[in-house]
Amino acid sequence: MRVTLEIAVGKEFDYRVPDAMRDSVEVGSRVKVPFGPRQMMGVVTDVVESSSFKKLKEILSVVGQKSLVTPNVLSLARWMAGYYCCPVETALKSVLPDSVRKEKEGWKERLFVRALAQTGEAPELSKRQSELWRVIEEWREIPLQELLREMNTTADTIRRLEDKGLVTITSEVMERDPFANETILPTKKIVLNEGQQVALDRITSACDDPEESKRVFLLHGVTGSGKTEVYLQAIEHTLKQGKGAIVLVPEISLTPQTVERFKARFSDGPLRTLVAVLHSHLSAGEKHDEWHKIRQGRARIVIGARSAVFAPVDPLGLVIVDEEHEYSYKQEESPRYHARDVGIVRAQREGAVVVLGTATPAMETYYNALRGKYELLDMPTRVDTKTLPLVRVVDMRMEARKEKGVPIFSLKLKEGILARLEKGEQVMLFLNRRGYSASLQCPLCGFVAGCPNCSVSLTYHRKVKQLRCHICGHSEGVPNACPEESCRSPQIRYAGIGTERVEETLGKLFPKARVTRMDSDTLKKKEDFRRILSEFRLGKIDILLGTQMIAKGLHFPNVTLVGIIYADLSLHIPDFRAGERTFQLLTQVAGRAGRGDVEGEVFVQSFTPFHPAIQYARRHDYVGFYEQEVEFRQELGYPPIMRMCGLTLRGRNEDRTRMAAEYVMKEIETKITDLKGLSISGPAEATLLRAENFFRYQVVLRSNQMAALGQRLTRLFASIELPDEVQLIIDIDPANL
Ligand code: ADP
Ligand code: ZN
Ligand code: ZN
C-alpha cells in the first residue's frame, strides 16, 4: 500500500497494512506511519497489492473514520501536482482545509436536556423541581446552558430530575453556523428575460446530455445583466438531477450579500438544501463543520473562494466561476494553481458542466471561446432596460493647468458629487492605493524614502505618523528633513495620493457628508467589512471611499455616482496585462453605478485619457478592447497566443542568485530540445528585484505545449543542483510577471 506523507519530501512511500486494518484503509485515509525514528501523518494515495521493496514497515494506525479525500479529488490533486510542477503532498495539502486535515477542531458538542415521555405515576417533586419540569416539558428539548441561565438554576438540580426518570441529558453536536445571526428571507425564481432564458436553456441542455461536447460556457454579460439569476436557476436544475454545485467567487466579493442570494433561494421549498460556505475568514471550527456538511452530502451547494474548487461535492453536476477574469483565483504559493482552470479540469473528469461568468472575460477565456473551445453566451444588456452608466473621462492634464498643481478632485467630479449628495443619493469613490501619500521625496537632491528590504518606496501613513512598506510591512518614523548627509533639506515632501489623503480632502470639500474609508488599514476586525457595507446599504453613509475592495460585485441601488480618482495607477504596473487589468477594473467599478431606478454616472480621472483601455471602457466595448489587445499579444507572442511559464530564482546573495538563473537557462536550452516553438528569455531582474531581502531573477518560457513542458521541467530540476540558499519557483500560467 502506498502512502504520501505530510512533509514535503517529493516522494511517495510504500507501507504494509496490518491485516486488522485491511478494511479501514482506503485511498484517501489518513494514517500514522513510522518514518525514520519518528512518526508521521500521511494520506494514502494508492492501494497496491505488491511493492518492489522487500522489507516494508507497517502502518501504525488509521486516523479518523471515513476517508477525507474522495477518489475524484485525489486524482485531481495528482493532476495538479503534475501540471503545476509541485510535489503530490503539497497538492494534497491544498485540497483539504487545515482544520479538517489536522482534526484539531472537532465538532463542537453541547449538552441538551430533553423531556422523557411519562407513563404511569408522576414521581414526587419539590416545588422548585416541578416548576423546572413544567418548563422543560413545554420546551421538549433545550440546551442545558440556556436552561440554567433562563431558570437561574444549577446543573445538579437538573441531574436530580434525570435521576427521577423525567429527563435525559445528552451531548450533541452543535454545528457552528457562520450565518447563525442572519435572518434570510427566501426568494422565488424570477421570470427570465430573453437573453437569460437562452443562456439558461443552453446550460441545462448540456447538463442533461452526457454526449454534449461543449461543456464549458462563457457567460459574457454586462454588469447588471442578471448573471446571478442564471446561476441560481442552473443550480436548481442541477439539484433536480440529484447532483451538487460549486460556485466560486473571488474572495473579495464573497460578501454576506452574495452568499445570502444563494442561501435565500435554496433555504426553502422542495429543493431545500444547505448551502455551505468556504473561505479564509471562517474560523477553523466553522471551516471544519462546513466541510463535513459537504462531505456528508447534507450541503450540496458550496459557495467559496479559490480553494472551494476542491470541495468534496459528489456527484458534481455544475461548476460556476463568477468573475472568472479575477486574478485572485490564482494561488501565489505552491501549488500555484488557477481555480478556474482546475475547476474546468475537475468538471471534465467528473462529467460536470462549467459556467464562467463575467462582464470582462480574461483574454485567455475569450480567445478560447472564439476558437470554439468554450461556448459563448452573450447577455449584452442590463435587466429591466436599465442603461449602462454614462462614463465621462476627465483629462487631469487640463485640470492641472486650470489650478496650481494637480487637484485630487476635478471641478466636474466635485460638482457631480455635490449634486448627488443634495438629492440624497450615494457616491462611491475609488483609488487603488492606501495610505496618505505614495512616497516621500526630496525636491532638491531627488532622495526617495525606500524600504531597506525591498526595492520599493515607502508609503506615508499620516494617522499613525509612519512610513510603511506595502510589500514586507517594514515601518519607520517620518524624518523632518532629507536624510541625505549632503542635503538635509527641510523641504522634503509627499508625492502621490492615497486613500487616507482623499478622505481628508473629502472632509474639507463636503463637510456635511458622512464619509467612510474602506481599505485594509481601516478594516481591523472580521466584522468590519460586513458592518460598513450594511451601514452603506441602510443609507447611513453618503460617500464610500475605498481601494479595489469596493470594486467588485456589490449591488447598491442608491449609488448613482462612481468616481475613479486616478485611473492610470494600474496602467503603470510593469506587466503585459496592465491594459487588460485597467479595462477590467474600470468596467467593474463603473458597474457599481446606476443599479437602481436612477441612471448612474461615472467619472474617470486620468492623465492618459486616450489610452485604449480607458476609451474602450468608457464605451462599454469589450470586444473592441479584446480585438486591439489580442493584436498586441500576437505581435509579442504573449498569452493567450502562447502559454507562459515563469521561473524565479530567489536568494539572499545577489551574485549567486543571478548565476543560478544563468545556469538554469543554459540547462533548459541544452536539455529541453524536443519541444517545438519553445521560447526562452532572460535571465532578467524581477520587476521587484529585491523583496523582503531576497533578490529575484526571472527566466520566462513560452510554449504551446504546457503540460509537456511541465513534465520536462520537473524531470530536469530533479536532476540538477542549485547552489545552497537559492530557491527555484516554477509558476505555470503566471498571473503576474
Ligand atoms: P450581474 O450578476 O449580471 O451583475 P445580477 O444578477 O446581480 O447581475 O442582477 C442585477 C439585479 O437584477 C438583481 O437585483 C436581480 O435580482 C435583478 N434581476 C435579475 N434577473 C432579472 C429579471 N429577469 N427580471 C427582473 N429583475 C432581474
Ligand atoms: Zn535631499
Ligand atoms: Zn519592504
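Residues numbered from 1 in each chain as written. Chains lettered and ligands numbered in written order. Predicted model: local features only at pLDDT ≥ 70, side-chain atom pairs only at ≥ 80, totals over all residues. Heavy atoms only, no water.

Draft legend 1. Highlighting the overall build of the protein chain. Summing up its helical and strand segments, the protein chain has 21 helices and 30 strands in all. Relative to the globule expectation of 27 Å for 737 residues, the C-alpha radius of gyration of the protein chain, 29 Å, shows essentially globular dimensions. The principal-axis extent of the C-alpha atoms belonging to the protein chain is close to 95 × 75 × 60 Å. In the protein chain, which comprises 737 residues, the proportion classed as buried is 52%. Computing the positive centroid from 105 side-chain charges and the negative centroid from 98, the protein chain places the two 2 Å apart. (Helix = DSSP H or I, 4+ residues; strand = E, 2+ residues; numbered from the N terminus. Rg over C-alpha atoms; globule rule 2.2 N^0.38 Å. Buried < 20%, exposed > 50% of the residue type's maximum accessible area, 1.4 Å probe, protein only. Lys, Arg positive; Asp, Glu negative; His and termini not counted. Charge placed at Lys NZ, Arg CZ, Asp CG, Glu CD.)

Draft legend 2. Layout of empty space enclosed by the protein. Tallied over the entire structure, the rule returns three cavities of 30 Å³ or more. The calculated volume of the largest cavity comes to roughly 70 Å³. Forming the walls of the largest cavity are F430, L431, N432, I564, Y566, A567, L569, S570, L585 and L586. Class assignment of the residues belonging to the lining of the largest cavity gives a composition of eight nonpolar, two polar and no charged. (1 Å grid on protein atoms, 1.4 Å probe; cavity = no way out; pocket = protein on both sides within 12 Å on 5 of 7 lines; lining within 4 Å. Points joined across faces, edges and corners; volume = space filled by probe spheres on them. Nonpolar A, V, L, I, M, F, W, Y, C, P; charged D, E, K, R; others polar.)

Draft legend 3. Just the sheet that holds strand β12 (residues 299–304), in detail. The strand order across the open sheet formed by seven strands is β11-β12-β10-β13-β14-β9-β15, and the pairing between neighbours is parallel. Each having just a single partner strand, β11 (274–278) and β15 (375–379) make up the two edges of the open sheet. Adjacent strand axes in the sheet meet at a mean angle of 20 degrees when their direction is disregarded. When strand β10 (residues 244–248) meets strand β13 (residues 316–322), the two strands line up parallel, connected through five bridges. Looking at the pairing, G244 lines up with L316 of β13. In the packing of helix α7 (residues 194–208) onto the sheet, contacts are made with β9 (216–221), β13, β14 (353–358) and β15, and the angle to β15 comes to roughly 155 degrees. Docked against the sheet, helix α8 (residues 227–240) engages β9, β10, β12, β13, β14 and β15, running at close to 170 degrees with respect to β13. (Pairing = 2+ DSSP bridges. Axes fitted to C-alpha atoms, helices over the stretch in contact; angles between N-to-C directions. Contact = heavy atoms within 4.5 Å.)

Draft legend 4. Molecular detail of the site of ligand 1. Around ligand 1 sit 17 residues, and of these V191, Q196, G224, K227 and R261 come closest. Here an oxygen atom of ligand 1 sits 2.9 Å away from a polar atom, N or O, in the main chain of K227. When the free accessible area of ligand 1 is taken as 570 Å², the share hidden by the protein chains comes to 79%. When residues in the shell around ligand 1 are grouped by element, the largest group, three residues, is from α8. Looking at the shell around ligand 1 residue by residue, the class counts come to five nonpolar, eight polar and four charged. (Near = heavy atom within 4 Å. Polar contact = N/O pair within 3.5 Å; in protein donor to acceptor, adjacent residues only side chain to side chain. Areas by Shrake-Rupley, 256 points an atom, 1.4 Å probe, with all protein chains shown as cover.)

Draft legend 5. Just the packing of aromatic side chains, in detail. One pass over the structure, following the stated rule, counts twelve aromatic pairs. Taking the centre distance of 5.2 Å and the plane angle of 70 degrees together, the rings of F310 and Y337 count as edge-to-face. Of this pair, F310 sits in the loop between β12 and β13 while Y337 sits in the loop between β13 and α11 (339–350); the two residues are 27 residues apart in sequence, bridging distant segments of the chain. Ring geometry for F583 against Y622: centres 6.0 Å apart, planes inclined by 55 degrees, an arrangement best described as tilted. Placement of the pair is F583 in helix α17 (residues 578–590) and Y622 in helix α19 (residues 622–636), with a sequence separation of 39 residues. Since its relative accessible area comes to 2%, F583 is described here as buried. Through successive ring pairs, a cluster of aromatic residues spans Y366, F583, Y622, F625 and Y626. Positioned above the aromatic ring of Y616, the side-chain terminus of R619 is 5.3 Å from the ring centre. In this structure, R650 is placed above the aromatic ring of F694, and the distance from its NZ or CZ to the ring centre is 3.8 Å. (Phe/Tyr/Trp six-rings, centres within 6.5 Å; stacked < 30°, edge-to-face > 60°. Lys NZ or Arg CZ within 6 Å of the ring centre and 35° of its normal.)

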